[in-house]
Amino acid sequence: MVSFEEARSIILDNVQTVGTEQIHLLEATGRVLAGDVAAPWDMPLWDNSAMDGYAVRTVDCPAIPCRLRVSGFLPAGAKADGITVEPGCAVRIMTGAPIPDGCDAVIPVEETDDGQQEVTVLEPVKQGQHIRFRAEDVASGVVFVRRGTLIRPPEVNMLAGFGLALVPVHRQPVVAILSTGDELVELGRTPGPGEIINSNTLSLAAAVREAGCIPRIIGIARDNRESHLEKLREGLKADVLITSAGVSAGDCDLVRDILEELGAKQVFWKVAVKPGGPTAFAMYGCVPVFSLPGNPVSTMITFEEFVRPALLRMQGHQRVLRPLFKVVLREALKKKPGKVQIVRLRLEKEGGRWYATSAGNQQTAILKTMVDAQAIAVLPAGSTHFRAGDEVDVHFYGNHIEME
Ligand code: AMP
Ligand code: MG
């Protein structure tokens with residue numbers, strides 16, 4: 001038996017970052033950059049106007065109101081070459097157009113009489129106002145996104161702005177998903193007496209996708225040696241294998257033994273955590289194998305706390321754990337000593353603080369509480385009693401709607 005914290009660090013120490021590939025920026029959202037990216041040129045590439053208005057020399061506007069002759073027009077996309085500004089003149093300029101030589105300020109059209117031939121300036125002018133200066137955003141050669149960064153719309157915008165159509169990212173690990181049990185029938189069949197639908201496979205596939213990886217569904221291994229051998233062998237061809245159920249100490253719990261027979265090395269079995277106690281972790285060469293307990297809530301929670309960080313690490317993410325924040329308990333919570341307890345909570349924000357109540361029945365067969373939960377608390381092994389008003393650490397989980 002290992003502690004919750006040991007289990008996590010053992011897993012993270014064992015998994016390796018997968019290889020890289022170049023992909024088109026259009027496909028890159030949700031992927032992780034595999035290398036630092038430096039600016040190939042200054043951004044912006046030239047001083048340009050931040051407003052629609054008039055480019056001027058501040059020396060020509062010593063006091064207001066002042067009148068200037070309009071000597072040129074620069075729409076966005078125009079070149080400033082050849083446009084000069086004589087003393088006492090202004091150039092009508094649109095947002096994004098280059099600042100003509102000699103000008104050191106832009107006056108927004110709203111601060112003028114909007115004149116076409118001549119313009120009257122109505123507000124004081126400061127040197128440098130409303131100019132976006134060359135390299136103000138990023139200078140050429142500066143690394144603007146580091147390896148390990150999750151690519152989101154802002155990163156896409158910047159990479160595209162620098163003309164980078166292809167980006168280096170980590171490959172998406174293929175994650176095999178295998179459910180075990182004689183009681184299971186596949187989705188689409190009506191369960192007969194004693195049967196239940198194999199919902200864990202679907203839920204794990206969803207979680208694998210959410211974590212940025214590609215699920216490969218292996219199906220169901222029946223509670224006999226031959227079926228386990230066949231299906232586990234198939235699952236071990238992927239980058240990662242996740243199994244559900246058959247990992248406790250029951251008569252039909254074959255997963256660990258057959259994995260061992262196939263050459264996987266067990267790294268730990270049993271974690272001091274509730275739910276999720278029977279979780280096992282093995283390595284088959286460099287393929288991590290997570291054997292999760294079969295109760296759907298246990299499966300989801302152990303995925304969240306143990307598998308998800310590993311999948312993120314494999315994809316090269318810098319941050320693999322969800323950030324924790326403090327909430328105030330609205331009600332008392334009790335737990336047994338010696339094990340971490342994972343509790344499903346609902347949240348409310350009041351007076352700038354987060355408050356938490358239990359999301360409902362915390363048994364591992366109760367799925368609805370998992371659907372209703374907005375946060376998960378990981379209560380430390382050493383603690384036993386929490387009173388209303390105590391603070392605990394939580395991370396977001398599930399839908400956070402209607403919290404504001
Ligand atoms: P086991 O670990 O085999 O003892 O299973 C624990 C509980 O989880 C039992 O009630 C199973 O019926 C249930 N269970 C096992 N596998 C699945 C699955 N793939 N989908 C939904 N429930 C499951
Ligand atoms: Mg079973």
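Below is a summary of the structure that appears in this document. Treat the numbers as computed from the prediction; the structure is a model and nothing was measured.

## Observations regarding the side chain of Q315
Piece 1. In this structure, Q315 sits in the loop between α6 (296–314) and β22 (325–329).
Piece 2. For Q315, a relative accessible area of 2% gives the class buried.
Piece 3. With residues near it in sequence (within four places) discarded, Q315 still touches T17, V32, H170, R171, P173, A211, G212 and C213.

## Focus on the site of ligand 1
Piece 1. Around ligand 1 sit 14 residues, and of these E183, N198, N200, G294 and N295 come closest.
Piece 2. G294 places a main-chain nitrogen or oxygen 3.1 Å from an oxygen atom of ligand 1.
Piece 3. Relative to its unbound accessible surface of 490 Å², ligand 1 loses 75% to contact with the protein.
Piece 4. Tallied by class, residues from the shell around ligand 1 come to five nonpolar, eight polar and one charged.

## Description of the pairing of strand β8 (residues 105–108)
Piece 1. Residues of β8 alternate between two faces, with A105 and I107 on one and V106 and P108 on the opposite face, all of them buried.
Piece 2. Where strand β5 (residues 53–56) meets β8, four bridges bridge the pair, whose relative direction is antiparallel. Paired with A55 across the two strands is V106, which belongs to β8.

## Describing the packing of aromatic side chains
Both the distance between ring centres and the angle between the ring planes are used here to describe each pair of aromatic rings.
Piece 1. Inspection of every chain in the model, using the stated rule, returns eight aromatic pairs.
Piece 2. Each ring, one from W354 and one from F396, has its centre 6.0 Å from the other, and the planes form 85 degrees; the classification is edge-to-face. On the criterion of sequence distance, the pair formed by W354 in strand β25 (residues 353–358) and F396 in strand β28 (residues 391–396) is long-range, its members being 42 residues apart.
Piece 3. Judged by its relative accessible area of 16%, W354 falls in the buried class.
Piece 4. Joined through ring pairs, the aromatic side chains of W41, F144 and F162 make up one cluster.

Rules used throughout
- Residues numbered from 1 in each chain as written.
- Chains lettered and ligands numbered in written order.
- Predicted model: local features only at pLDDT ≥ 70, side-chain atom pairs only at ≥ 80, totals over all residues.
- Heavy atoms only, no water.
- Helix = DSSP H or I, 4+ residues; strand = E, 2+ residues; numbered from the N terminus.
- Buried < 20%, exposed > 50% of the residue type's maximum accessible area, 1.4 Å probe, protein only.
- Contact = heavy atoms within 4.5 Å.
- Near = heavy atom within 4 Å.
- Polar contact = N/O pair within 3.5 Å; in protein donor to acceptor, adjacent residues only side chain to side chain.
- Areas by Shrake-Rupley, 256 points an atom, 1.4 Å probe, with all protein chains shown as cover.
- Nonpolar A, V, L, I, M, F, W, Y, C, P; charged D, E, K, R; others polar.
- Pairing = 2+ DSSP bridges.
- Phe/Tyr/Trp six-rings, centres within 6.5 Å; stacked < 30°, edge-to-face > 60°.

In short, the description is geometric, and any link to function would need to be established separately.
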